[in-house]
Amino acid sequence: MLAVLWVCVYPIFFVWIGSFAGDSEIAGYLRILERDVGNRWALFPNYITLEGYAQILLDTPEFFVAFWNSAKITCAVVLGQLAVNLPISWWFAQSGCKGKDLIYKIYIVLMILPFVVLMLPEYLALKRFGLLDSLWSVILPGIFSPFPVFVMVPYMKAVPKTLLEAAELDGAGGMALFLRIGIPYALPGIVVSVILNFIEYWGSMEQILAFVENKALWPLPLYSLSITLDKGNLSFVAAVMAMVIPAYVILLGYHYLETGWK
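Residues numbered from 1 in each chain as written. Predicted model: local features only at pLDDT ≥ 70, side-chain atom pairs only at ≥ 80, totals over all residues. Heavy atoms only, no water.

For the protein, the count of helices and strands is 15 helices and zero strands. The burial tally for the protein puts 39% of its 262 residues in the buried class. In the protein, 74% of the contacts between residues at least 6 apart in sequence involve partners at least 24 apart. Approximately 15600 Å² of the protein is accessible, and the part contributed by carbon and sulfur atoms is 69%. (Helix = DSSP H or I, 4+ residues; strand = E, 2+ residues; numbered from the N terminus. Buried < 20%, exposed > 50% of the residue type's maximum accessible area, 1.4 Å probe, protein only. Contact = heavy atoms within 4.5 Å. Areas by Shrake-Rupley, 256 points an atom, 1.4 Å probe, with all protein chains shown as cover.)

Okay, the packing of aromatic side chains next. All told, the structure shown has 18 aromatic pairs when counted by the stated rule. Seen from their ring centres, Trp6 and Phe13 are 6.2 Å apart, and the 50° between their planes marks the pair as tilted. A relative accessible area of 23% means that Phe13 is categorised as partly exposed. Both rings, one in Phe20 and one in Tyr53, keep their centres 5.5 Å apart while their planes meet at 35°; by these two values the pair is tilted. (Phe/Tyr/Trp six-rings, centres within 6.5 Å; stacked < 30°, edge-to-face > 60°.)

Turning our attention to a nonpolar patch on the surface. A surface patch of nonpolar side chains, about 620 Å² in accessible area, is lined by Leu102, Ile106, Val109, Leu110, Ile112, Leu113 and Val117. When residues in the nonpolar patch are grouped by element, the largest group, five residues, is from helix α5 (residues 100–112). Tracing the backbone shows Leu102 in helix α5. (Patch = residues over 30% accessible without salt bridge, like charges linked within 9 Å, V, L, I, M, F, W, Y side chains within 5 Å. Salt bridge = Lys/Arg side-chain N within 4 Å of Asp/Glu carboxyl O.)

Glancing now at the packing of helix α8 (residues 147–157) against helix α11 (residues 187–202). Put simply, α8 and α11 touch, their axes get as near as 8 Å, and they point 160° apart. Judged by the angle between their axes, α8 and α11 are roughly antiparallel. Crossing geometry of α8 relative to α11 is assigned as right-handed. Contacts between α8 and α11 involve Phe147, Pro148, Val151, Met152 and Tyr155 from the former and Pro188, Gly189, Ile190, Val192, Ser193, Leu196 and Asn197 from the latter. When grouped by side-chain class, the residues that make up the contact of α8 with α11 number nine nonpolar, three polar and no charged. (Axes fitted to C-alpha atoms, helices over the stretch in contact; angles between N-to-C directions. Parallel < 35°, antiparallel > 145°, perpendicular 65-115°, else oblique. Left-handed = near helix turned anticlockwise from the far one by under 90°. Nonpolar A, V, L, I, M, F, W, Y, C, P; charged D, E, K, R; others polar.)

Grouped together as the largest cluster of nonpolar side chains are 24 residues, with contacts concentrated most on Ile56, Phe63, Trp202, Leu220, Tyr223 and Ala238. For this core, the elements supplying multiple residues, two or more each, are α3 (51–59), α4 (61–94), α11, α13 (220–225) and α14 (232–252). The element that contributes the greatest number of residues to this core is α14, accounting for seven residues. In this structure Ile56 touches Phe63, Phe64, Tyr223, Leu234, Val237 and Ala238, once residues within four positions along its chain are discounted. (Core = buried A, V, L, I, M, F, W, Y, C linked by side-chain atoms within 4.5 Å.)

Before going further, it helps to spend a moment on the environment of Glu62. Take Glu62: it is sitting in helix α4. Along the chain, Glu62 and Ala216 lie 154 residues apart, while their C-alpha atoms are 8.1 Å from each other.

Turning to unusual backbone geometry, a few remarks are in order. The residue Asp133 is not glycine, and still its phi comes out positive at about 60°. Considering the arrangement of structural elements, one finds Asp133 in the loop between α6 (115–128) and α7 (136–143).

The set of residues buried in α3 consists of Gly52, Tyr53 and Ile56. The buried residues of α3 occupy an angular sector of 100° when the element is viewed end-on, so they sit on one face. Counted as exposed and oriented over 90 degrees from the buried face of α3: Glu51, Leu58 and Asp59. Residues of α3 that are buried make contact with α1 (2–18), α4, α13 and α14. (Arc of directions from axis to C-beta.)

Okay, the environment of Asp133 next. Taking the relative accessible area as the measure of exposure, Asp133 reaches 35% and is therefore partly exposed. The spatial distance from the C-alpha of Asp133 to the C-alpha of Val212 is 4.0 Å, given a sequence separation of 79 residues. The contact partners of Asp133, leaving out residues within four places of it in the chain, are Phe211, Val212, Glu213, Asn214 and Leu217. Within polar-contact distance, the side chain of Asp133 engages the backbone nitrogen of Asn214 at 2.8 Å. (Polar contact = N/O pair within 3.5 Å; in protein donor to acceptor, adjacent residues only side chain to side chain.)

What follows concerns α11. Between its terminal C-alpha atoms α11 stretches 22 Å, which fits the 22 Å expected from 16 residues at 1.5 Å a residue. Burial in α11 covers these residues: Pro188, Gly189, Ile190, Val192, Ser193, Ile195, Asn197, Phe198, Tyr201 and Trp202. (Expected span 1.5 Å × (residues − 1).)

Moving on, we come to the packing of α3 against α14. Interhelical geometry of α3 versus α14 gives an angle of 70° and a closest axis separation of 9 Å. Between α3 and α14, the crossing angle belongs to the class labelled roughly perpendicular. The two elements α3 and α14 meet at a crossing, and its hand is right-handed. Residue-level inspection shows Glu51, Gly52, Tyr53, Gln55, Ile56 and Leu57 of α3 in contact with α14, the latter providing Asn233, Leu234, Val237, Ala238, Val240 and Met241. Grouping the amino acids of the contact of α3 with α14 by side-chain chemistry returns eight nonpolar, three polar and one charged.

Rendered as structure tokens:
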């Protein structure tokens, strides 16, 4: 167990420790990747420095542009998914429509299709509506992702029929049933969906590379890739800074991820 834990944790530990090393030391390590020469990887840097953090926070406005691009994409996708997929999930779970099972299966098929398959039709649709080379080219396809529906439908199906019937006898309408019963029952699924999609779109790269050419719209992952090897320390620092928000979100919803319930 300790060996497996070390294999999982070491890359994060390595990036965190590397953020305190100087550019020259990291450049020496990176030569190993080129010709298998250079210094051996050290567990701790020879000289600890905070120069990279100072440079990122004070002298690198491109980092903050990329940070806010990631924040815009992630928050817009997550909030849009809740607005669109919550009522859709309730309809799948409680509607008496005969064709809903077939539609739900189509949703599941769309969920398992890789981006490589969906890239061309999405590109053509985005080009038709003039949304290429903008953050909307990533946000809109993300909002209509079927994954949140797949997560939330089982929770909404678990609502007892007797509870719904009792609420209807008390005069509750369809909207009241959805807001006061459906959403509270689906709250664990909602939290799990929000966390998983937040992490996915915070680190999204494929959609940006396919649909956005303007580098001013690139999010954090692509900003980190654009850093040259002579500024290796900045790459490590940017990676650490990018980890902070997702790690905090996971800690907030860890109980839901672990148990799936309140």
